[in-house]
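Results of the structural survey
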Amino acid sequence: MDRSHTSAGTELRVAVALPSLLGESPMWHPQAQALYYCDIPGRKLQRFTPASGELVHWSFETEVASCAPMLGGRLLLAMRDGLWRFDPATGARTRLAEPPYDPANERFNDGKCDPQGRFWVGTIYEPREPALASLHCFSGGHLVRKAEGITVSNGLAWSPNGRTMYWADTKAHTVYAFDFEPTSGEISNRRVFASFPVKDVAASLDDYGGRPDGAAVDAEGAYWVAMFEGQRLLRLSPEGALLREVALPVRCATMPCFGGPDLKTLYITTARENRPATELMFQPFAGCVLALDVDVPGLPVNFVA
């Protein structure tokens, strides 16, 4: 196993120094050569262009949790009040689907397109009990419930051959794998891909490895997952074995994605919302976007069909 740490000061860097409350859903847009990402409680969509250093944002009246590229420069946004088509050039929004839940206690969370252009998006059940969150697929103008029985939906990703789908329940400290049928989009054979020790509330966070949040898959099929509160990023083999651990300068990483012209820059969103003041004092980069150069490129983002 390769262990990488930040003490040398050469691997990790701050890509975006302006912190979000809860940065999430980073997505590299190949046509814009820019990184889009969300600040969920900040109710913002942000776009960072590395070549110029430009950072712009769009504000909304409710939470925007994830985004995916559409043709013509538009984006699909998963928001508390439904799925929307959004045009960054004009700010125009069109609702594509109503929320399939009560927005008073549930909202959309992690969402991504599969290789065929179907948008998959999970929910988060905010009361946390019982496990009422679910996973949905948006295709052909219809939103269909595909899986359920979890609390905090995260970790969506597909293997390079498109025949395995990953889905995590952050609260359960578990990443699941499914057999994925590319043509129909049907999922089956749900199984545990990786699981992690549950947090001991009486113990120090320094002894806690974190729980799986957002994820991305590289060209070798390895699954990179941000471990929320664990202050680390993990690279897991297609069999779920630990290949690499990257120590981070912030407690709460939320999601990685591959970007840059060669897809060899790993961008990592992080959070600072509700963190203790003493923690933030020693972790000034909490909420910033971090970047890490890697040898194995990621898979290109999938567009909404």
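Going by the structure above, here's the rest.
A short tour of the structure in this document, coming up. Keep in mind it's a predicted model, so treat the numbers as computed, not measured.

**A word on the pattern of salt bridges**
Inspection of every chain in the model, using the stated rule, returns 20 salt bridges. For Arg-145, the salt bridge is made with Glu-148, and the minimal N-O distance between the two is 2.9 Å. Under the relative-accessibility criterion, Arg-145 is labelled partly exposed at 43%. In this structure, Glu-279 engages Arg-251 in a salt bridge whose closest nitrogen and oxygen atoms are separated by 4.0 Å. On the criterion of sequence distance, the pair formed by Glu-279 in helix H1 (residues 277-282) and Arg-251 in the loop between strand S22 (242-247) and strand S23 (253-259) is long-range, its members being 28 residues apart. Look at Glu-279 and you get buried, because its relative accessible area is 12%. Assessed through its relative accessible area of 10%, Arg-251 is described here as buried. Put simply, Lys-199, Asp-206, Arg-211, Glu-229, Arg-251, Arg-275 and Glu-279 are held in one network by salt bridges that share partners.

**Topic: the sheet that holds S23**
If you walk across this open sheet you meet the four strands as S2-S25-S24-S23, and the pairing is antiparallel. Looking at the sheet topology across the chains shown, the edges are occupied by strand S2 (12-16) and S23. Recorded for the sheet is a direction-independent mean angle of 30 degrees between the axes of neighbouring strands.

Rules and cut-offs
- Residues numbered from 1 in each chain as written.
- Predicted model: local features only at pLDDT ≥ 70, side-chain atom pairs only at ≥ 80, totals over all residues.
- Heavy atoms only, no water.
- Salt bridge = Lys/Arg side-chain N within 4 Å of Asp/Glu carboxyl O.
- Buried < 20%, exposed > 50% of the residue type's maximum accessible area, 1.4 Å probe, protein only.
- Helix = DSSP H or I, 4+ residues; strand = E, 2+ residues; numbered from the N terminus.
- Pairing = 2+ DSSP bridges.
- Axes fitted to C-alpha atoms, helices over the stretch in contact; angles between N-to-C directions.

Everything listed is a geometric property; what it means functionally is a separate question.
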